[in-house]
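What follows is the residue order along each chain.
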Amino acid sequence: MDVKLQQDFLSCWNKYFPGEPLPVTFEFSSVLRNAQKVPSPKGWRCFVCDLTRVRNGTVLAFDADSISCNGGKRYCGFETELFQDSRYFLSYGIEGKLEGERYKKTPELVDEWQKNLRIVPAAGRYLVFKRWDLLDEYDNPEVVIFFARGETLSGLFTLANYDRSDPLGVIMPMGSGCSSIVYYPWHEGQGDDPKAVIGMMDPSARPCVPLDTITFAVPMKKFSKMVRDMNESFLTTHTWKKVIQKIFMSQQKNK
């Protein structure tokens, strides 16, 4: 981890987004180091719920046994196949056998949607989540994840497009909560033109995040450029100072 980049971001974040929660990061690692291994949950549990602890300063490591949701296992790279009847689970279900989530109209649409998904190579490794201020020189974060409300999200969105001639620096793909913070941004980071990912629109994951909060996940190679642009961007203008006042208003409202 570039310690100077870490400190530069902390300085800019406190200046331009005062009082807002710090982002968390993840990386795939073969060792636990100082992370707590998340035990196997009793029954079904959305792993997004565990990230509240990370946001509060606990370093957590997940492996295949730490995630009970089959979709979560797949989007985090610990499983290559969806469970039997998943095409019905994601659509209208099977009468008398399986209640459907009804996120897609038909099983056939689920098939088309899922067939293009690529694997995240996490097998045999840990998925380690750590808050930004707790990173050290031995860390190698791959994605930076913000949990943000509207005013802060507007700043992150605009900053992600600051160095582009096209308006496509951010994407918002359909998917589970975990896919929007792990799967999609990780794959974006493997390309030459990585995009930031707005997410946590999955109704099943919404109970795991604070009220009015959306995620903004950025591949590290894009995030480092965003940090270096902060002190010359719109964040230095009177326009943004007005938005900072609304950030304060939002903080008071959501205490």
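Reference entry: report on the structure contained in this document. (Residues numbered from 1 in each chain as written. Predicted model: local features only at pLDDT ≥ 70, side-chain atom pairs only at ≥ 80, totals over all residues. Heavy atoms only, no water.)

Before going further, it helps to examine unusual backbone geometry. Not every positive phi belongs to a glycine, and Asp85 is a case in point at roughly 75 degrees. Topologically, Asp85 is positioned in the loop between helix H3 (70–75) and helix H4 (86–89). For Met200, which is not glycine, the phi dihedral falls at a positive 70 degrees. As for its placement among the helices and strands, Met200 is situated in the loop between strand S7 (196–199) and strand S8 (214–219). (Helix = DSSP H or I, 4+ residues; strand = E, 2+ residues; numbered from the N terminus.)

A word on the layout of surface pockets. Considering only enclosed or pocket space, the largest pocket measures out at about 580 Å³ in volume. As for the largest pocket, its lining consists of 36 residues, of which Tyr75, Leu90, Glu101, Ser176 and Asp202 are closest to the centre. Mapped by element, the contributors of at least two residues to the lining of the largest pocket are H3, H4, helix H5 (107–114), helix H7 (177–189) and S7. No other element matches the 4 residues that H3 contributes to the lining of the largest pocket. Here the residues of the lining of the largest pocket are counted per class, giving 21 nonpolar, 12 polar and 3 charged. (1 Å grid on protein atoms, 1.4 Å probe; cavity = no way out; pocket = protein on both sides within 12 Å on 5 of 7 lines; lining within 4 Å. Points joined across faces, edges and corners; volume = space filled by probe spheres on them. Nonpolar A, V, L, I, M, F, W, Y, C, P; charged D, E, K, R; others polar.)

Tallied over the full model, the rule gives 16 salt bridges. As a salt-bridge pair, Arg164 and Asp166 come within 3.0 Å of each other at their nearest N and O atoms. Taking relative accessible area as the criterion, Asp166 reaches 29% and is therefore assigned partly exposed. Of the charged contacts, one joins Arg164 and Asp193 as a salt bridge, the two residues approaching to 2.8 Å between their closest N and O atoms. Separated by 29 residues along the polypeptide, Arg164 in the loop between helix H6 (150–160) and strand S6 (170–171) and Asp193 in the loop between H7 and S7 bring together distant segments of the chain. Under the relative-accessibility criterion, Arg164 is labelled buried at 18%. What emerges from the salt-bridge pattern is a single network uniting Arg33, Lys130, Asp136 and Asp139. (Salt bridge = Lys/Arg side-chain N within 4 Å of Asp/Glu carboxyl O. Buried < 20%, exposed > 50% of the residue type's maximum accessible area, 1.4 Å probe, protein only.)

To continue, consider the sheet that holds strand S3 (residues 60–62). Where strands meet in a sheet, backbone hydrogen bonds hold them as pairs that are either parallel or antiparallel. Strand order in the open sheet formed by 8 strands is S2-S3-S4-S1-S5-S8-S7-S6, with mixed pairing between adjacent strands. The open sheet has two free edges, formed respectively by strand S2 (36–37) and S6, since each of these has just one partner strand. In terms of strand pairing, S2 meets S3 through 2 bridges, oriented parallel. Bridge pairing in S3 places Lys37 opposite Ala61. Most of the contacts of helix H8 (residues 220–229) go to S8, to which it runs at about 100 degrees, and overall it touches strand S5 (143–148), S7 and S8. (Pairing = 2+ DSSP bridges. Contact = heavy atoms within 4.5 Å. Axes fitted to C-alpha atoms, helices over the stretch in contact; angles between N-to-C directions.)

The quantities given are spatial measurements derived from coordinates; they are silent on function.
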